Amino acid sequence: MEDPVGKVAPSSHRPARRWALLCATAFLLAACSSQPSGTVTSEAWAVDLQAAQRQSTSDFERDVLADGAITREEYVESVHRYIDCMRQNGYSTQAVDDLQSGVFQYRTSQEIGSTDIDDQVSDQCRSGSVEIVEPLYVGMLTNPMREDFNLLVLSCLRRKGLAPDGLSLTEFKSLYWDSNSNPPWNPVDDRVVLCGINPSLG
């Protein structure tokens, strides 16, 4: 199945904090290439996989989770199912990955979470498609050892020379998540945004 990356031209990026929140909700990476691919599985996520198997509501989800791993193709298929459902309900929804992080962001004719979109429709479309598969895939891909995600992001920023070595984790979280803070990095810098989505890249 065709990967839906790059279906629309890149638009202006939201601040890194917003992207990180989107990642945490849409999705909850150990790749070396610019475009992660293949199958993800992790012993650290075994309990979550077992719980997901019990919570599955569709044959698609049960088939995906049956072997305790999720392939890139299965993740893409779940995204396609969600998008198709949204479009059938009148929303022009697309999945994009402008930064080649391996994780899709959603763009629709109305802002996700806005008063102009029917959350019930979105919830119904997520059920049986991405609701269970996507968080697990992204979690195992971005954080295979289930470490503190804030620490992974901070380490990523340090590797890129965007955060000082002396910055503590507590200080980082305050700077990163407080919209009124004045961090030493530019929140809309693509490198910062990418660290917030997939700290294993770079």
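Report follows, based on the coordinates. (Residues numbered from 1 in each chain as written. Predicted model: local features only at pLDDT ≥ 70, side-chain atom pairs only at ≥ 80, totals over all residues. Heavy atoms only, no water.)

Following the criterion strictly, the structure yields two disulfides and no others. A disulfide bridge connects C85 with C125, and the sulfur atoms are separated by 2.1 Å. A torsion of -70° about the S-S bond marks the disulfide between C85 and C125 as left-handed. With a gap of 40 residues between them, C85 in helix α4 (residues 72-88) and C125 in helix α5 (residues 119-126) connect regions that are remote in the sequence. (Disulfide = S-S within 2.5 Å. Helix = DSSP H or I, 4+ residues; strand = E, 2+ residues; numbered from the N terminus.)

Backbone geometry at Q100 places phi at a positive 55°, although glycine is not the residue there. Its location among the elements puts Q100 in the loop between β3 (94-96) and β4 (105-107). Classification of Q100 as partly exposed rests on a relative accessible area of 31%. The phi torsion at R146 lies on the positive side, around 55°, for a residue other than glycine. Inspection of the secondary structure assignment puts R146 in the loop between α6 (133-142) and α7 (149-159). (Buried < 20%, exposed > 50% of the residue type's maximum accessible area, 1.4 Å probe, protein only.)

Another point: the packing of α4 against α5. Direction vectors running N to C along α4 and α5 enclose 145°, while the axes themselves pass 8 Å from each other. With respect to the hand of their crossing, α4 and α5 are arranged in right-handed fashion. Facing α4, whose interface residues are Y82, C85 and M86, α5 presents V121, S122, C125 and R126. For the contact of α4 with α5, the class distribution of residues is five nonpolar, one polar and one charged. (Axes fitted to C-alpha atoms, helices over the stretch in contact; angles between N-to-C directions. Left-handed = near helix turned anticlockwise from the far one by under 90°. Contact = heavy atoms within 4.5 Å. Nonpolar A, V, L, I, M, F, W, Y, C, P; charged D, E, K, R; others polar.)

The subject of this paragraph is the packing of α7 against helix α9 (residues 190-197). Their axes nearest at 8 Å, the elements α7 and α9 cross at an angle of 150°. What the angle tells us is that α7 and α9 run roughly antiparallel. In terms of crossing hand, the pair formed by α7 and α9 is right-handed. Residues F149, V153, C156 and L157 of α7 touch α9, and the partners they reach there are V192, C195, G196 and I197. Taken together, the residues of the contact of α7 with α9 sort by class into seven nonpolar, one polar and no charged. (Parallel < 35°, antiparallel > 145°, perpendicular 65-115°, else oblique.)

Of the residues making up α5, those classed as buried are V121, S122, C125 and R126. Around the axis of α5, the buried residues are gathered within 130° of arc, so they sit on the same side. Count one or two residues on from α5 and you reach G128, which has phi positive near 85°. (Arc of directions from axis to C-beta.)

With that settled, consider the environment of S127. Here S127 shows up in the loop between α5 and α6. Through-space distance from the C-alpha of S127 to that of E61 is 9.7 Å; in sequence the pair is 66 residues apart.

Without other data, these values stay purely geometric and don't point to any function.
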